[in-house]
Structure formats: structure tokens, C-alpha cells
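# Examining the three-dimensional arrangement
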Amino acid sequence: MSRMNGGVYLRQNAVVEPLFHQWYAWPYLVSPLTAPMYVGNLHLRLMESFVANPQAHVAALRNPEMAGGPFLSFDESKAAPVARLIEQTRRRAVSLLEFADAVRELTRILTDRADGSSLQPFYAEVPEPLKGFVELVYDVNNQPSIRFLESLLYRSAAYDESAQSLHFSVVEDDDRPFVFSTPRLEDGDRLAVSLPYRAEGLDRVFRMRDQPQPLGFAKEALEISGPTDGRFERLFTEQRPRPRER
């Protein structure tokens, strides 16, 4: 890779996975309305289940009928890294966990006490993380409900771009049966890059699939400083990609 002083291309089989607190970032982890619920009610519980009994998860991996189920695709050796990720998530996702707790608390208040009369008095009891971000309504079945002002939540503590990152890797196939139920650990050939999804540098690197640039250009775009190991260099090639077919 030391020959890569001229222009290089991003490999055609280079894969970039957007992550949220190291979980694959599908749309419900991008929205600040749903992300706290998944982190607090699913991700932490799955990881805690794995740490408590990794053998149960390993057994599920051997059963094809369990593919895609609520199991981590790790062996027992990952129990310690997952335990560290639990601790890290609880430390870094405080605002999200408080939001999820507030939703549960407000739901309980409305379910227990709303009787069909005005919901105006309940605004005084809206938990602090939800103040200014919700309306209290009755649904079409006359049940009390919470209407979230999702666009405003992007200005709240529930929207945390520091939780966003990306994993770069080179793959030969796309077999990821547990992609939605397993966090991504920085191991093997995966390279972790701490950038928000909207970072302009990502667009510059993605254009390198067709437009060659020096390797240093890619490092600067991804805000990678200092020496890099082979994982970064393996993402690029001096070989021009084949012309695309119409």
C-alpha cells in the first residue's frame, strides 16, 4: 500500500455501515423520537441478556429458524466487550434513557387517570424531558395518547449526533443475518470512524469510487489523524473500476 502516493479509488466492495451507539442505524435509530425507545427498551436488554447467559445466544445461532431473532451473533468471548458497551451506552446515552423513562411515566399517568375529560391539567405533570415536545390528545377510540412534535425533537437532547459513527470494511459477501440485533464491535477488518452521517467528508470519499484522489485526501475527509493500520489502506485500490453497464 506504500505505492498509493498517486490517485486511488474507494473499492467497489467497500461497505460503510452507519452506526448509532454501535448498532446498525436503520431509520428508527435516526429519529430522536424512536431511537431512545430502541436503546432503552431493546438494545440494553439484549446486551444484558447476552452477558448474563451467552450460551443461550450461541445456541440460537446454531438454529436456522432463529436467524434474525433477538439474539446477539457473538460467541462467549465477546461477553466482556459487550459488558463494556453496556457501561458505555449507559454513560453516553443518559438523555435518551431519560426520554424513554419519561415516555413510560407519562403513558402510565394518562392510562391510570385520564377519564375522558379535559387533558389540560395533565400538562403540569409532563416529565421534564418531554416538556414542549408533546401534545396530550384522545385517539379515535377515545383513549388518552401522546402526540410527539418530532420536528422539535431534533433540537432536543434526545437527538445526539455524537452517538453517530460509521464502520468501514471490505466484504466478499453480504451475509448479515443478525444485522439488526447485534452491535458492531471494532474488531477484525472493521475501521471505526466517529463522524455524523451528515459529514461532508463522507460524500468526498464516496465519490472516490469513480474519481481517484490521493490517500491523504481520504484521511483528511474522514478526519483521521496520525498513523493508520492496514484496515484503512485496504479500503482503497489503484485499480480503476470497470465501466458501469447501462
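One can find the structure itself at the top, above this paragraph.
Note that the structure is predicted; figures quoted are calculated from it, not measured.

### Observations concerning the packing of helix 1 (residues 35-52) against helix 3 (residues 79-92)
- At a minimum axis distance of 9 Å, the contact between helix 1 and helix 3 shows a crossing angle of 150°. By the angle between their axes, helix 1 is roughly antiparallel relative to helix 3. When you trace helix 1 past helix 3, the crossing you get is left-handed. Contacts between helix 1 and helix 3 involve V39, L44, M47, E48, F50 and V51 on the former and, on the latter, A79, V82, A83, L85, I86, T89 and R90.
- For the contact of helix 1 with helix 3, the per-class residue count stands at 10 nonpolar, one polar and two charged.

### Regarding the sheet that holds strand 2 (residues 14-20)
- Pairing is antiparallel in the open sheet, where four strands are placed in the order 3-2-6-7. Across the chains shown, the open sheet's two edge strands, defined by having one partner strand only, are strand 3 (23-24) and strand 7 (191-193).
- Examined bridge by bridge, strand 6 (residues 164-170) and strand 7 share three bridges and lie antiparallel to one another. Its bridge partner lying in strand 7, F168 is registered against L191.

### Focus on the nonpolar core
- Counting residues in hydrophobic clusters, the biggest one holds 21 residues, and the most contacted among them are F20, M47, L72 and V82.
- Top contributing element to this core by residue count: helix 1, with six residues.
- Discounting chain neighbours no more than four positions away, the residues touching F20 are A25, L29, A35, V39, L96, D160, A163, Q164 and Y197.
- Judged by nonpolar contacts, the second largest core, of 19 residues, contains A14, A221, L222 and F232.

Rules used throughout
Residues numbered from 1 in each chain as written. Predicted model: local features only at pLDDT ≥ 70, side-chain atom pairs only at ≥ 80, totals over all residues. Heavy atoms only, no water. Axes fitted to C-alpha atoms, helices over the stretch in contact; angles between N-to-C directions. Helix = DSSP H or I, 4+ residues; strand = E, 2+ residues; numbered from the N terminus. Parallel < 35°, antiparallel > 145°, perpendicular 65-115°, else oblique. Left-handed = near helix turned anticlockwise from the far one by under 90°. Contact = heavy atoms within 4.5 Å. Nonpolar A, V, L, I, M, F, W, Y, C, P; charged D, E, K, R; others polar. Pairing = 2+ DSSP bridges. Core = buried A, V, L, I, M, F, W, Y, C linked by side-chain atoms within 4.5 Å. Buried < 20%, exposed > 50% of the residue type's maximum accessible area, 1.4 Å probe, protein only.

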